[in-house]
Each structure stands twice: as C-alpha cells, then as structure tokens.
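Here are the chains, one letter per residue:
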Amino acid sequence: MVGIILTILLVFTGDIMTPLGYAEVILYLVPLLLSSFLYEPQLPIRIAGAATVLVAAGFFLSPPGAPTAYAILNRVMATIVLWTVAFGLRQLIRDRQTHLHEEQRWQLLAQQTNDILWDWDLRTNAHWWSNNAITTFGYDPMQEPSIMAWHSRLHPEDHTSIQESLQSAIDSGQSGWSGKYRFRIHDHSYRTFLDRGTVLHNESGTAVRMIGAMIDITEPKQAEAALRLSESRFTNLVNHLDSVVWEAAAGSLQFMYVSPHAEALLGYPMRQWLEDPQFWPQHIHPDDRDATVQACLAATADGRSHTAEYRMIAADGHIVWVHDAVTVTYEDSAPHTVRGVMVDVTDRKQAEQALMDTQQRLKQSLEASNTGIWEWNTVTSSVHFSTEWKRQL
C-alpha cells in the first residue's frame, strides 16, 4: 500500500513539472494496476478518485504548454480511461475473491468425505484430486496432475466406453455425467469405482470445468450402501455450488428439483419454485418471457441441448441476469425431463453495459471537441485514425 501511495505522489510530481498537453497523467494507471495485487475490490475505485482530484489539480499547477482546450480534453480522456480500468479491476478482484472462497469450500468438503473428489480444467487438462486418493490408490496422483494419467489407468475393457460417454456429455452440453469402471491402483490390481461429475460452462455456454466424486464399490456387500452414500455426497457437492442445478418436466417446464442456491439467487423459497407450475415463466422479465419460453419449448421438443441468457425478477423486485445451460433427457424415445445449471451473470451484464456507455460518452466527447485522435498498436504496427482526424487532413 505504501508503494502505491509513493507511486501516486511520484506521478503527481512529474505531472506538475511537465507542461500542459503531455500525457503524463496516464501514468496514474501504474498505481491503479498495482492495486490489483492487494485483493481489495474498492481500492481501484479509491485510487481512481484520488487520481481524478490530482489530475484536476495538475491542470492548475502544471507549467503552460498546449492550448487550454487541448489540455482539458487530454485530462478528460485520461480520467475516463482511469475510471474504466478501475471498474474493470474491481470486477477482476471480486472474481478472484469468489474463486478463492470456492476453493476453500472445496478443500473443506474434501476433508469431510471418504469419497475421492476431483476437479478437471477442460481448457488445460489439469486434474486435481483430494488427498484421500493417496490412501485408495496407494500413490499420489498429484505427481501426474493431468487427465491423461487418469485415462492411462482405466481398465482396457472400460477405456473406450468411459471416454466416449464422458466426451459425449461434454460435447452435447449436458450438465452431468456418471460412469462405473475399473481403475488400476498401485499394486497393478483393479478396483471398481462409481464416478459422477458436473459440467460447468462459461457465459458463452462452453464447457470449461468438471467437478465430481469417485467412490470405491469393489466389494459387493458394500455396493448398495456405497451407491446411496454417493447420492448423498453428490447432492452435498451440488449444494455447495454457487449456481442453481435444476430439473423440470419436458412438457410443462415445471420444476421437479432445484438446488438450495435457488433461494439465494432470487429470494423465493424452494417450495415456491417446486409447487407453482408457472414459477419459471412468471418470474422471467416480461420483455424476455415469450422468446425465452418458446425457444426452450422448441429446443426441448427437438431434443436439443441449449443455452439462454435472460432476466428474472427477484423477490425484492430487482433484476437478475442468468445464463442457463439446458440438457434434454429421454424416456421411451421421447423427451422426458430437462436438466440445467443456472448461473447469475448480472455483474458481467452490468459491466458490459457500463463499458458501452463509457465508449459512447467518449465517442460523443471526441466528436464535440473537433479533435483528431490516432492510435498506434506497437505489437501489430497498425495505426488507427479517427474520422475527425481524417476530415481535418
């Protein structure tokens, strides 16, 4: 923190020693970027506020230089950039804190169960196991933290079918997967495991991560109890997700199951989600309702997995943007149920709108100032000139 304060003072000193018109004030980005390492979401906003005051003070204290109008525009543009970056950094820090809290809950859950919990990053193929995998497998699987190590230990007779079912669940947009297979342990013998996982998608609907649990069902006498225990563990795992896992009837779209996070998402009790046949469509924003419901019904009738982003109205009246990834399941060759994962993307939507508003205000300011602007990308060596710049030529 001391380093950030000193950096701000150093930039301010350089600003008031530099003639007006130079882009010295843009150096306030340096302490702003340094704030991202301190995990304090409001710090970038406070730094941007302080920098705005110092930018204004520097206008009066700096030696004469460029024309007054140009100097004012220069500092207004720098201030817009500083606040845009500050809001972006605040969201970045919040995302980091959320990830850290999820990791802590995940580790705590791993300590409370005998199941082998796992986390697979679909983008990098990195694979994490809970510590009790060492006891069950007889070796430390984290010495080979890749999904390929898991693949290599599948029984040859199970290898192809398990890989195909797993890849199918990922490619088709399903929210869950389960499989039973034999797995080689330290003494080269095989034990049978029941494995269940949940597929997590990003805002664009792309599968980016899987989390799940393995339970040893090798002993026949333990198989039935292990299955019941696995159901309990899996439910516990779902209940710890900051998303709503749900299941509904294919025809009516009435919820048959929602995970506990549903209450936190909208503020309505789970009983209301389940008992009201029209809960879902009635709580979609009126401007989004018809298109969202009709698209879901059409995709369900065709048996297609699909995603949607729409607004819902919470119990206190505020708007919640959600990203919904939906999978259709069949019974007797007909759509029977739909299952999905509903994720709150309100912060992202608000950030996108704020960025659009800032860009529009910047565009209007530049057009009103009759100032030509150019930008040089030092990486690609490309140069962009604004319309006003071209007109003045």
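For every chain, the first residue of its written sequence is number 1, and the numbers climb from 1 along that sequence. Thresholds applied to this predicted model are a pLDDT of at least 70 for local features of residues and 80 or more for the giving and counting of side-chain atom pairs; totals over whole chains, interfaces and linings are not thresholded and use all residues. Hydrogens and waters are ignored; side-chain quantities use all the structure's heavy atoms.

### Points about the overall build of the protein chain
- Helix and strand definitions follow DSSP, with helices as H or I runs of at least four residues and strands as E runs of at least two, each counted in order from the N terminus. The helix and strand inventory of the protein chain stands at 14 helices and 12 strands.
- Classification of residues uses two cut-offs on accessible area relative to the type maximum, computed with a 1.4 Å probe and protein chains only: under 20% is buried, over 50% is exposed, and between them is partly exposed. Taken over 393 residues, the protein chain has a buried fraction of 39%.
- Contact definition: two residues touch when any of their heavy atoms are within 4.5 Å. Contacts spanning at least 24 positions in sequence make up 51% of the contacts within the protein chain whose residues lie at least 6 apart.
- Surface exposure here means Shrake-Rupley accessible area, sampled with a 1.4 Å probe, where a residue is shielded only by the protein chains that are shown. Accessible area for the protein chain stands at about 21400 Å²; split by element, carbon and sulfur atoms hold 56% of it.

### Observations regarding a nonpolar patch on the surface
- The residues that make up patches have over 30% relative accessible area and no salt bridge, and they are joined within 9 Å when like-charged or within 5 Å when they are Val, Leu, Ile, Met, Phe, Trp or Tyr. Salt bridge, as used here, is a side-chain nitrogen of Lys or Arg placed within 4 Å of a carboxyl oxygen of Asp or Glu. On the surface, a cluster of nonpolar side chains totalling about 580 Å² of accessible area is made up of Met1, Val2, Ile5, Leu6, Leu9 and Leu38.
- For Leu38, the position within the fold is in the loop between helix H2 (29-34) and helix H3 (43-61).

### Observations regarding the pattern of salt bridges
- The final tally for this structure, using the stated rule, is 12 salt bridges.
- Here Glu247 makes a salt bridge to Arg339, at a shortest N to O gap of 2.5 Å. Placement of the pair is Glu247 in strand E6 (residues 244-249) and Arg339 in strand E10 (residues 334-344), with a sequence separation of 92 residues.
- A salt bridge links Glu352 to Arg348; its shortest N-O distance comes to 2.8 Å.

### So, the environment of Pro335
- Of note, Pro335 is situated in strand E10.
- In the structure, Pro335 is positioned 84 residues away from Gly251 in sequence and 8.2 Å away in space, judged by C-alpha atoms.
- Not counting chain neighbours up to four residues away, the residues in contact with Pro335 comprise Ala250, Thr300, Ala301, Val328, Thr329 and Tyr330.

### Some remarks on unusual backbone geometry
- In this structure, His188 is a non-glycine residue whose phi angle is positive, near 70°.
- Its identity as a non-glycine residue notwithstanding, Leu253 has a phi of 60°, on the positive side.
- The residue Leu253 is located in the loop between E6 and strand E7 (255-258) in this model.

### A word on the pairing of E6
- As paired strands, E6 and E10 are joined by six bridges and run antiparallel to one another. Along E10, the bridge assignment pairs Ala248 with Val338.
- Bridge count between E6 and E7: three bridges; the pairing is antiparallel. By the bridge assignment, Glu247 is partnered in E7 with Tyr257. A pair of strands is treated as paired once DSSP finds two or more bridges between them.

### Focus: the side chain of Thr198
- Following the sequence through the fold, Thr198 ends up in strand E4 (residues 190-201).
- Looking at Thr198, the relative accessible area reads 5%, which means it is buried.
- In contact with Thr198, not counting residues within four places along its chain, are Ser175, Gly176, Arg209, Met210, Ile211, Phe234, Val238 and Leu241.

### Concerning the packing of aromatic side chains
- Two rings from Phe, Tyr or Trp (for Trp, the six-membered ring) form a pair when their centres are within 6.5 Å of each other. A pair whose planes differ by under 30 degrees is stacked, one over 60 is edge-to-face, and the rest are tilted. For the structure shown, the criterion picks out 12 aromatic pairs.
- When the centroid spacing of 6.1 Å and the interplanar angle of 90° are considered together, the rings of Phe183 and Phe193 count as edge-to-face. Here Phe183 is found in strand E3 (residues 176-184), whereas its partner Phe193 is found in strand E4, with 10 residues between them in sequence.
- Judged by relative accessible area, which is 0%, Phe193 ranks as buried.
- Ring pairs connect the aromatic residues Trp129, Phe137, Tyr139, Phe183 and Phe193, which therefore count as one cluster.
- Two conditions define a charge sitting above a ring: the NZ of Lys or the CZ of Arg must be within 6 Å of the ring centre, and it must be within 35 degrees of the ring normal. The side chain of Lys349 reaches across the aromatic face of Trp321, ending 4.5 Å from its centre.

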